[in-house]
Amino acid sequence: MSSSTEPKVGGEAAQSVVDTAAPVTSVASKSPMQLAMARLRKDKLSLIALGFVLFFVVIGLTSPLVTHFGWIDPLTTNQDLVDPFGRPVDKWGGISLSHPLGIDSIGRDLMSRLWSGVSLSLFIALSGTALAMILGVVLGIVSGVTGGWTDAIIGRIIDLTLAFPQTLMLLALASTGLIMVQKAFHTPAGNPTAAVYLIVVLGLFGWTGIARIVRGQVLSLREREFVHAATMMGASKYRLYFREILPNLWAPILVTFTLMMPAFVSAEAALAYLGVGINAPTPTLGNILNDSISYADLVPTFFFIPGFTIAAIVVSFNLLGDGIRDALDPKGHQ
Amino acid sequence: MWAYAARRVVIGVMLLLALTLVTFVLFFASPADQARHACGKQCTDEQIAVTEKALGYDKPVYEQWGMFVKGLATGREFPADPELKKTHPEFITDCDAPCLGYSKTNGKTVNYLIGKAAPVSVSLAVVAVVLWLAFGVSLGIIAAVVKGSIIDRGIVGLTLIIYAFPTFFLGVFFLKFVVVKWGILAYPGYVSIAEGGVANWLNNLLLPGMTLALVFLASYVRMTRAFVLESLGEDYIRTARAKGLTSRRVLFKHALRAALTPLVTMTGIDFASLLGGAIITEQVFAYNGMGKLTVDSSQAWDLPTIIGIVVVAGAFVILANIIVDICYALIDPRVRLG
């Protein structure tokens, strides 16, 4: 084999043109992943967004712990801190050392409520997103690889799902849905059932977008050599779908995931406004904001702080998603 | 093309029937007693049984669905009781085709309820779509033209931030601050064109229309920006510049035409989804449109009204999809229907 001598020849050629030989080997190779990470690292806005996302994730993860140790207390009411109209007795919405973000209309500490609210809202959004992604990716792959009748049926199911007025169905089906969820999953009545209901409906209505993207990608992937090779070697359908094709799809999956999270945080808030979802006194971002709307002009801190928290979460996840998409797109930064 | 349109309409009708069937099954799978909800809390068991029979709730689901579909085609009478019609014709409510059902809760046909609510939702949707297209497209073009500048970043960033707030937060903010606290605008309440003239109608719809438009603004700015940038990179733009056209002419005559066609699809489908009711916005501003009707009827467990709204809203979405696809083929010569 003469190939062993080739780098040397190339090295000499390079040496004759450029002075140093070292760059020839060091330029050599970077995986697409490394290139993407390098692009992402240069994107300041995305890094700031990533910082915010990590901050909210840490908030979400630490909430059960700090509640357990009694450092935050989202449930205790302090009627002595509010007047009969639900306005804080002190100035600035009751902001003080013990209540850094003020208090709500029955004197509960707003920071504590937001802290555990972020946790529950992110948990619901994450689980809903995960369910939607699993459904969408599996059905998208199956649809794309199998083609024919399966593809046609899944396509019609997507059409049907999209034709449903979604908010309407979530609202109208809430009471039925809660009972169905309770029967199917044997969850305790009340908020656990409500949380599962939210996750299930968000997932069931959210999978269509990623299914279409994945199907499109699979259609172009399934004619590639490595898939043919796997088929010829007698790979099982499962292996074909999830071992050969799935690893090539992580880019659109990651982007969709990051963009679906904030959409579901907003959806939880909207449903809380319509009275569907987690009930008081358990805080979510949605029902904290919903509690505050009758006090919006009387106690601006109580209204604006939860509103801006939701906006901050949605913006940072969106910016991060955009950043990841740009970084993964080889055409993006030419 | 007509064959294509006809095929799409047939598929659309089938999809709509599937939609009603799924809705029927979902609601009747519930353990809740439909007749009890329809009759009201004070009803005795006897009265409930009468209601159940009169409204056909004693029959199996598929039979009720069959009656509903038949009503859509030929109309129905409530209650469907030939004996009663002979003795007391004044108790019978006629519901002409396409009959969507009878709401015992309201004592009216669903057609009547939707007929009253639809103009509100349609007005709101029209004002919102005009606002978001006007601002979204022009801001998107500006951002694309000055790509990378501080203005571009400002436009994209600001619309994203507005999008990030929940709709009811924006609506409540407008009501409680812009209207009540600062008194900049009058408190909005729906006035139809027939009652108050166009100016009054528009004036009252401005705030809710703006709230609704802000929800869509960010995505339209981004889409317009992306499409304009994409078409500005095409070869024919370079040709147009090379032959000495002014940059204004290149932008408006050459780039925009290609850039804006994809927006037709988005606009059509978003607009259609709003015709079925903007639930949150209508709820915040207490406008009695389809969205408010949805909230009220689902709280009252008014099943026939809910199914009626699902059918009408679904029909709008399905119809819009067909119209948009055909329009797209008409505007863009590269698209072929098949």
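Residues numbered from 1 in each chain as written. Chains lettered and ligands numbered in written order. Predicted model: local features only at pLDDT ≥ 70, side-chain atom pairs only at ≥ 80, totals over all residues.

**Q** Residue-level account of the overall build of chain B, with values.
**A** Check the secondary structure of chain B and you find 14 helices and four strands. Based on the C-alpha atoms only, the size of chain B along its principal axes is roughly 85 × 55 × 40 Å. A sequence separation of at least 24 residues applies to 69% of the contacts in chain B between residues at least 6 apart. (Helix = DSSP H or I, 4+ residues; strand = E, 2+ residues; numbered from the N terminus. Contact = placed C-beta atoms within 7 Å.)

**Q** Give a description of the overall build of chain A that names residues and reports values.
**A** A count of helical and extended segments in chain A gives 15 helices and zero strands. The proportion of buried residues among the 334 residues of chain A is 39%. Restricting to contacts in chain A with at least 6 residues of sequence separation, those with at least 24 account for 69%. (Buried ≥ 20, exposed ≤ 12 C-beta atoms within 10 Å, placed from the backbone.)

**Q** Let's hear about the interface of chain B and chain A: which residues, and what values?
**A** Opposite the 34 residues of chain B that make contact, chain A presents 28 residues. Elements with a contribution of two residues or more to the side of chain B that touches chain A: helix H1 (2-28), helix H7 (150-164), helix H8 (167-181), helix H12 (279-285), helix H13 (290-299) and helix H14 (303-331) of chain B. Ranked by residues supplied to the side of chain B that touches chain A, first place goes to H8 of chain B with eight residues. Residue composition of the side of chain B that touches chain A, by class: 26 nonpolar, six polar and two charged. (Nonpolar A, V, L, I, M, F, W, Y, C, P; charged D, E, K, R; others polar.)

**Q** So what's going on with the domain arrangement of chain B? Residues and values would help.
**A** Residue and element names in this part refer to chain B. For chain B, the assigned domains are domain 1 (2-111) and domain 2 (115-331). Computed from C-alpha atoms alone, the centre-to-centre distance between domain 1 and domain 2 is 34 Å. Across the contact, 21 residues belong to domain 1 and 17 residues belong to domain 2. Counting only elements with at least two residues in the side of domain 1 that touches domain 2, the list comes to H1, helix H2 (34-39), strand E3 (102-103) and helix H6 (110-145). The biggest single contributor to the side of domain 1 that touches domain 2 is H1, with 11 residues. (Domains from an automatic or database assignment.)

**Q** Summarise the confidence of the model for chain B; cite the residues concerned and give the values.
**A** Chain-level pLDDT for chain B is 83 on average; 91% of the residues reach the 70-or-more range. Interface confidence for the predicted complex, given as ipTM, is 0.81, next to a pTM of 0.82. (pLDDT = per-residue confidence, 0-100.)

**Q** Could you give me a rundown of the packing of helix H9 (residues 193-232) of chain B against helix H11 (residues 247-275) of chain B, with the residues and numbers involved?
**A** Residue and element names in this part refer to chain B. Look at H9 against H11: their axes get within 8 Å of each other, and the N-to-C directions meet at 150°. As far as their axial angle goes, H11 and H9 are roughly antiparallel. Helix-helix and strand crossings are classified by hand; for H9 and H11 the assignment is right-handed. Contact with H9, carried on its side by Phe216, Met223, Thr224, Phe227, Val228, Ser231 and Leu232, involves Ala255, Leu256, Ala258, Ala259, Leu260, Pro262, Leu263, Met266 and Asp270 of H11 and no other residues of that element. Classifying every residue of the contact of H9 with H11 by side-chain character gives 13 nonpolar, two polar and one charged. (Axes fitted to C-alpha atoms, helices over the stretch in contact; angles between N-to-C directions. Parallel < 35°, antiparallel > 145°, perpendicular 65-115°, else oblique. Left-handed = near helix turned anticlockwise from the far one by under 90°.)

**Q** Can you break down unusual backbone geometry residue by residue, with the values?
**A** Even without being a glycine, Ala286 of chain B presents a positive backbone phi close to 55°. Tracing the sequence through the fold places Ala286 of chain B in the loop between H12 and H13.

**Q** I'd like to hear about helix H13 (residues 250-273) of chain A, residue by residue, with values.
**A** When the terminal C-alpha atoms of H13 of chain A are compared, their 35 Å separation across 24 residues agrees well with the 34 Å that a helix rising 1.5 Å per residue should span. Directly after H13 of chain A, the chain includes Gly275 of chain A, whose backbone phi takes a positive value near 85°. (Expected span 1.5 Å × (residues − 1).)

**Q** So what's going on with H1 of chain B? Which residues, and what values?
**A** In this model H1 of chain B runs 39 Å from its N-terminal to its C-terminal C-alpha over 27 residues, within 8% of the 39 Å that 1.5 Å per residue would give. Turning to H1 of chain B, its buried residues number three or more, namely Leu16, Leu19 and Thr23 of chain B. In this structure, the buried residues of H1 of chain B make contact with helix H6 (148-163) of chain A together with H14 of chain B.

**Q** Tell me about the environment of Ala125 of chain B, and please be specific about residues and values.
**A** Residue and element names in this part refer to chain B. Assignment of secondary structure puts Ala125 in helix H6. By C-beta crowding, Ala125 is classed as buried, having 24 other C-beta atoms within 10 Å. Setting aside anything within four residues of it in sequence, one finds Ala125 in contact with Phe271, Leu274 and Leu275.

**Q** Account for the packing of helix H5 (residues 110-146) of chain A against H6 of chain A, with residues named and values stated.
**A** All names here are of chain A. Direction vectors running N to C along H5 and H6 enclose 140°, while the axes themselves pass 7 Å from each other. The angle between H5 and H6 places the two elements in the oblique class. Remark: the crossing between H5 and H6 carries left-handed chirality. For the pair H5 and H6, contact is made by Leu139, Val142, Ser143 and Thr146 and by Gly148, Thr150, Asp151 and Ile154, respectively.

**Q** Tell me about the environment of Ala36 of chain A, and name the residues and values.
**A** With respect to the element layout, Ala36 of chain A can be found in helix H3 (residues 32-42). Apart from residues no more than four positions distant in its own chain, Ala36 of chain A is found in contact with Ala327 and Leu328 of chain A.

**Q** Outline the environment of Asp43 of chain A, supporting the account with residue identities and numerical values.
**A** Residue placement: Asp43 of chain A occurs in the loop between H3 and helix H4 (44-68). On a C-alpha basis, the gap between Asp43 of chain A and Ile179 of chain A in space is 47 Å, while along the polypeptide they are 136 residues apart.

**Q** Account for the confidence of the model for chain A, with residues named and values stated.
**A** One rule of thumb: low pLDDT means the predicted coordinates there are not for detailed reading. Residue and element names in this part refer to chain A. When pLDDT is averaged along chain A, the result is 81, and 88% of the positions lie at 70 or above. Element-level pLDDT for chain A is lowest in helix H1 (residues 6-17), with a mean of 44, against a maximum mean of 90 in H5. This model gives residues 1-18 a pLDDT under 50, and the stretch forms six contacts once residues within four places in sequence are excluded.

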